[in-house]
Amino acid sequence: MAEEPTCCSVDLGERLFCSINKAFIADPDIDEFDIIPCLHCQEEQGSQEENLLVLENHKLGVKSWCIKPLFLFAYNKLIRSRLKGRKHFITESVQLTRAVLLINAECYTAWNARKEMIASGVLSLRDDWKLSSVVLSKHPRSAETFSHRRWIIIHLEKQQGRDEFIQRYLKDELAIGLRAAECYADNYTAWSHRAWLVERYIHDQKRKLSCELHILRMWTERHVSDNCGFHYRQCLLKHLKSVWWWLSDVTSETLPETACSTSNDSNKTGIFHEERRSSISAIPSLYELASNSCRILKEFDLYSKLKEVFGSNTSLLSTPAEIGFCDTVIAESEGPVGEVQRRCALNYKRWILLQGASCNSTCNGIGVENTTATSIMANDVT
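Residues numbered from 1 in each chain as written. Predicted model: local features only at pLDDT ≥ 70, side-chain atom pairs only at ≥ 80, totals over all residues. Heavy atoms only, no water.

Caption draft 1: Fine view of the sheet that holds strand β2 (residues 53-56). What the three strands build is an open sheet, ordered β1-β3-β2; its pairing is mixed. Each end of this open sheet is capped by a strand with a single partner; those strands are β1 (32-36) and β2. Going from strand to strand, the sheet's axes swing by 20° on average, the running direction of each strand aside. Pairing between β1 and strand β3 (residues 59-63): five bridges, direction parallel. Bridging from a neighbouring strand, F33 pairs with L60 of β3. (Pairing = 2+ DSSP bridges. Helix = DSSP H or I, 4+ residues; strand = E, 2+ residues; numbered from the N terminus. Axes fitted to C-alpha atoms, helices over the stretch in contact; angles between N-to-C directions.)

So this is what it looks like as structure tokens:
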């Protein structure tokens with residue numbers, strides 16, 4: 001690559017651009033970028049170049065008043081160089097696109113320019129993958145950045161092989177998606193990216209799916225109102241449902257942090273080994289996983305999610321245990337929030353009883369079962 005250009009101009013935008021480049025040269029391991037609010041310090045700029053940026057522990061901050069001149073300089077110069085076809089200034093193009101994307105992650109021109117540089121071999125996939133993670137630290141909901149990462153992932157997989165990618169990059173990629181979800185509530189873009197990774201790489205691997213479900217369980221305990229996280233949980237449950245007959249060796253209810261290891265304990269024969277015995281244990285176990293979350297959720301209608309995941313296939317479920325669970329929730333619910341829980345539990349219990357009554361009516365004719373279900377529901381309502 002060419003040598004770094006010198007900063008000989010006194011123009012503010014160019015000076016800021018050079019400062020950003022120096023920061024990345026001084027610390028190639030920068031992993032976060034953000035804007036520092038500084039509304040009344042522009043008059044203090046003078047010639048104090050060191051005050052324009054803050055670089056600490058691989059975290060880069062730019063003062064808010066610097067953003068406009070920096071972006072205008074980098075963007076205008078990038079567009080002019082592309083219009084004139086000046087593609088021989090490779091290092092400058094890399095730096096210009098980086099400065100633009102740190103401020104505006106939805107600039108398609110900059111991302112496309114970097115794709116061209118990757119295709120021509122002057123920019124490595126690894127370096128671009130690293131920059132996009134820095135961009136996501138400031139713009140965690142950027143759809144274009146996640147789209148660009150998927151493009152990088154596909155090319156990394158072709159270049160290094162599927163198994164090598166899973167071993168070296170998949171864990172970090174999942175972590176970046178979770179970090180973006182932490183930074184922005186209801187981050188549909190980040191969860192969609194994570195679901196794409198699961199669908200592409202681990203949709204048929206029972207242990208990794210179980211590990212992912214355990215990680216998500218801990219996450220949902222801290223984010224009980226994040227609907228996108230629960231939608232992703234539903235996707236995981238659907239994948240697990242498709243491989244439920246392989247789950248006899250998954251660990252117990254609260255999966256340990258080593259759930260992704262290859263340990264096989266013969267005493268652990270199901271997600272809930274002693275909780276519910278049945279001839280088919282996997283579906284009740286998944287059912288229990290979702291049911292336990294009702295104790296955490298207050299206003300999220302998880303019962304409808306369960307019905308959507310499992311449909312009317314109640315013959316595989318432990319109905320008495322679920323009715324007992326509903327009775328416990330109804331009895332323990334207090335206050336305004338408890339009223340919501342009680343109403344959800346009642347609706348869920350009605351659904352279970354009606355499904356059972358419908359099944360009995362079909363098989364044996366209409367008999368005592370319908371009367372029993374109706375009387376139980378009436379007692380609960382009163």
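Caption draft 2: Spatial organisation of the pattern of salt bridges. For the coordinates displayed, the defined rule picks out 14 salt bridges. Notably, a salt bridge pairs K59 with E32, separated by 3.6 Å at the nearest N-O pair. With K59 in strand β3 and E32 in strand β1, this pair connects stretches of sequence that are 27 residues apart. For K59, a relative accessible area of 32% translates into the label partly exposed. Between E116 and R82 there is a salt bridge, with the nearest N and O atoms lying 3.2 Å from each other. Highlighted residues: E116 in helix α4 (residues 108-119) and R82 in helix α2 (residues 67-83), separated in sequence by 34 residues. Taken together, the shared-partner salt bridges in this structure form one network comprising D31, E32 and K59. (Salt bridge = Lys/Arg side-chain N within 4 Å of Asp/Glu carboxyl O. Buried < 20%, exposed > 50% of the residue type's maximum accessible area, 1.4 Å probe, protein only.)

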